[in-house]
Amino acid sequence: MNRSKDLDTIAPDDPIIENTVPTNIFTEEPKEFPKVNHPKKVKIFKSKPDQEIYNILGHTKSPFSAFLVNPKIFDFTERHDKEVVILAVRSHWIVNLKWMFITVFMLFVPNIVDMLDTLKSLPGSYQFIAHLFWYLLTFIYAFEKFLDWYFDVYILTNKRLVDIKFNNLINKHFAEAEITVIQDVSSSIRGIFGTFFNFGTVLVQTASEINQIIFKNVPNPEKIIKAIQELRNTPDCLSKGGEE
Amino acid sequence: MNIDINNLMPLFLTVLKIFFIACSLFYLIFSLIVVKQVTSMTKNVKDKFNSILISFSFIHLAAAAILVFMIIVLL
C-alpha cells in the first residue's frame, strides 16, 4: 500500500497523491484550490408541539391578544422549572364591550346630572369633589373589569392545562389537569354574538379530581381543540415534557 | 312648626363633608387593596403589560390620597 511520505502536510484521511516534483511554496504562485461542492446544510425541524400549535393558531405579539402562542415573556407562579408555556388563552375581546359601554355611560353621568340641575344647590367645591369621586369610581370600575379579563387566562403547557382566574380582585382560582388525564374535549358556540365573532366554550373532561376545565368565551374553540389534540398526540411532549 | 331651610343648609353640608371624608378614606383603603392585588396578580401571571398595570394602580392610589386631601382642604 502506498503511503504519503509528506506527513506534515496531509491528514491521515487525505487521498494519497504521488508527488515526485518538489515544490517551493515561497516562489510558486498560489494555485486555486479546486472547488468542492459541499452538500448544503439543511435544517431539520423536529415536529415540536409548539411549532404545530403555532401553525394551527398563528401568532401575535400583542400582549392584549386572546391567543399568545409560545409566549416569551408570559409566565405563572405554579409553573414547574422545566415546564414550557405553549399557549395562553384569554376570553374574546368582545366580552369586554359590555363594561366598556357602561364605562362610557358613567363618564357622561356628571354631564347629565349637571343638565338636570340636581347638584346646583350645593357649593361649587362640593360639586367638584362629587365629580372627582365619580370619575375615580368610573376608572376603578373599568380597571377592575379589565384586570378581570386580562388575568383570567387558560394556559396550555407541555405538561398540563391550567386555569387561573381572579374573582373580584380578592379570590384566586387555580385549576390544573395533566395532559395525560384528558379524556374528552368538546366545544359549544352559542348565540348571535358567539356565531358572528366565533367564540364559545371549550369543555375539557379529565380523569383527575377536577373532572372538567372550562374555557369560557374563548375565540376559535375549534382551533383550541386542535391544539389540545396536538398536545395529546405528541408522545415526545408527554414523555419528556417536564424533563427536557 | 316652621323649619328654615337656610338654617339646615350648614348642617347638611357638615354631614355631607363627614360623609365625603368617610367615603374617601374607605376609598383610599380600597385603592391600597387594589395596589396589593394588582401586584399579587402580576406576580402570579407575568406578562408584558404588567408594569403598566402596576403603574395605573399606583396612580389610582395617589389620586385617592389627593381626593382625601382635597376634601379636607376644600370643603
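Residues numbered from 1 in each chain as written. Chains lettered and ligands numbered in written order. Predicted model: local features only at pLDDT ≥ 70, side-chain atom pairs only at ≥ 80, totals over all residues.

1. Details of the overall build of chain A
In terms of regular secondary structure, chain A is built from six helices and nine strands. Taking all 244 residues of chain A together, 26% fall into the buried category. Expressed as a percentage of contacts within chain A between residues at least 6 apart in sequence, the contacts between residues at least 24 apart total 55%. (Helix = DSSP H or I, 4+ residues; strand = E, 2+ residues; numbered from the N terminus. Buried ≥ 20, exposed ≤ 12 C-beta atoms within 10 Å, placed from the backbone. Contact = placed C-beta atoms within 7 Å.)

2. What to know about the interface of chain A and chain B
Between chain A and chain B, the residue contacts involve 23 residues of the former and 23 residues of the latter. Among the secondary structure elements, those contributing two or more residues to the side of chain A that touches chain B are β2 (75-76), α3 (124-150) and β5 (160-167) of chain A. Element by element, the count of residues in the side of chain A that touches chain B is highest for α3 of chain A, at ten residues.

3. Thoughts on the pairing of strand β9 (residues 212-219) of chain A
With six bridges connecting them, strand β8 (residues 199-206) of chain A and β9 of chain A associate as antiparallel partners. Residue V204 of chain A lies in a different strand from β9 of chain A, and its bridge partner there is I213 of chain A. (Pairing = 2+ DSSP bridges.)

4. Considerations on the sheet that holds strand β4 (residues 153-157) of chain A
Residues and elements named next belong to chain A. Judged by pairing direction, the sheet is antiparallel, and its five strands sit side by side in the order β1-β3-β4-β5-β6 without closing on themselves. Sheet topology places β1 (67-69) and β6 (171-178) at the edges, where each strand pairs with a single neighbour. Neighbour to neighbour, the strand axes of the sheet diverge by 15° on average, direction disregarded. As defined by bridge partners, β5 adjoins β6 across eight bridges and the pair is classed as antiparallel. Bridge assignment links I164 to a residue of β6, and that residue is F174. (Axes fitted to C-alpha atoms, helices over the stretch in contact; angles between N-to-C directions.)

5. With respect to the packing of helix α2 (residues 97-115) of chain A against α3 of chain A
All names here are of chain A. For the pair α2 and α3, interaxial distance at closest approach is 9 Å and the crossing angle is 175°. Viewed along their axes, α2 and α3 adopt a mutual orientation that is roughly antiparallel. Of the residues in α3, those in contact with W99, T103, M106, L107, V109 and P110 of α2 are H131, W134, T138, Y141, A142 and K145. Of the residues that constitute the contact of α2 with α3, the class distribution is eight nonpolar, three polar and one charged. (Parallel < 35°, antiparallel > 145°, perpendicular 65-115°, else oblique. Nonpolar A, V, L, I, M, F, W, Y, C, P; charged D, E, K, R; others polar.)

6. Topic: the sheet that holds β9 of chain A
Residue and element names in this part refer to chain A. The three strands lie next to each other as β7-β8-β9, forming an open sheet whose pairing is antiparallel. In this open sheet, the two edge strands, each paired with only one partner strand, are β7 (182-188) and β9. Put simply, the sheet's adjacent strands are angled 15° from each other on average, direction ignored. Helix α5 (residues 221-232) contacts β7, β8 and β9 of the sheet and is inclined by roughly 170° relative to β7.

7. Considerations on the nonpolar core
Most often, soluble globular proteins keep nonpolar side chains buried together rather than apart. In this structure, L87, V89 and I155 of chain A are the most contacted members of the largest nonpolar core, which totals 40 residues. Looking at this core, the element that brings in the most residues is strand β3 (residues 85-89) of chain A, giving five residues. With six residues, the next largest nonpolar core counts F20, Y27, L67 and I71 of chain B among its residues. (Core = buried A, V, L, I, M, F, W, Y, C linked by C-beta atoms within 7 Å.)

8. Examining α2 of chain A
Given 3.6 residues per helical turn, the α-helix brings residues three or four places apart onto the same face. Residue and element names in this part refer to chain A. For α2, which comprises 19 residues, the first-to-last C-alpha distance of 27 Å matches the rise-based estimate of 27 Å (1.5 Å per residue) to within 8%. F108 marks the point of greatest bend in α2, at about 35°, and the proline P110 comes within the next four residues. Count one or two residues on from α2 and you reach D117, which has phi positive near 60°. (Expected span 1.5 Å × (residues − 1). Bend = angle between axes of the 7 residues up to and from the residue.)

9. Describing the domain arrangement of chain A
The assigned domain composition of chain A is domain 1 (50-91 + 152-230) and domain 2 (97-148). The C-alpha centroid of domain 2 of chain A is placed 36 Å from the C-alpha centroid of domain 1 of chain A. (Domains from an automatic or database assignment.)

10. Quick look at α3 of chain A
The end-to-end C-alpha distance of α3 of chain A is 39 Å, a good match for the 39 Å that 27 residues give at a rise of 1.5 Å each. The set of residues buried in α3 of chain A consists of I129, L147 and Y150 of chain A.

11. Thoughts on the environment of V104 of chain A
Residue and element names in this part refer to chain A. Examined against the element boundaries, V104 turns out to sit in helix α2. Residue V104 is classed as exposed on the basis of its 11 C-beta neighbours within 10 Å. Distance in space between the C-alpha atoms of V104 and F64 is 20 Å, their sequence separation being 40 residues.

12. Things to note about unusual backbone geometry
Residue and element names in this part refer to chain A. Phi is positive for N198, close to 55°, though the residue is something other than glycine. Looking at where N198 falls in the secondary structure, it is placed in the loop between α4 (191-197) and β8. N198 gets classed as partly exposed once you count the C-beta atoms within 10 Å, which come to 15.

13. Points about the packing of α3 of chain A against helix α2 (residues 50-74) of chain B
Orientation of α3 of chain A relative to α2 of chain B, taken along the N-to-C sense of each, is 165°, at an axis distance of 11 Å. Overall, the two elements α3 of chain A and α2 of chain B adopt an arrangement that is roughly antiparallel. The two elements α3 of chain A and α2 of chain B meet at a crossing, and its hand is left-handed. When α3 of chain A is examined against α2 of chain B, the residues S125, I129, L132, F133, L136, F139, I140 and F143 of chain A are found in contact with a partner set consisting of F56, H60, A63, A64, L67, M70, I71 and L74 of chain B. (Left-handed = near helix turned anticlockwise from the far one by under 90°.)

14. Topic: the environment of S188 of chain A
All names here are of chain A. Of note, S188 is situated in strand β7. Spatially, the C-alpha atoms of S188 and A88 are 20 Å apart, while their sequence positions differ by 100 residues. When sequence neighbours within four positions are dropped, the list of residues in contact with S188 reads G200 and T201.

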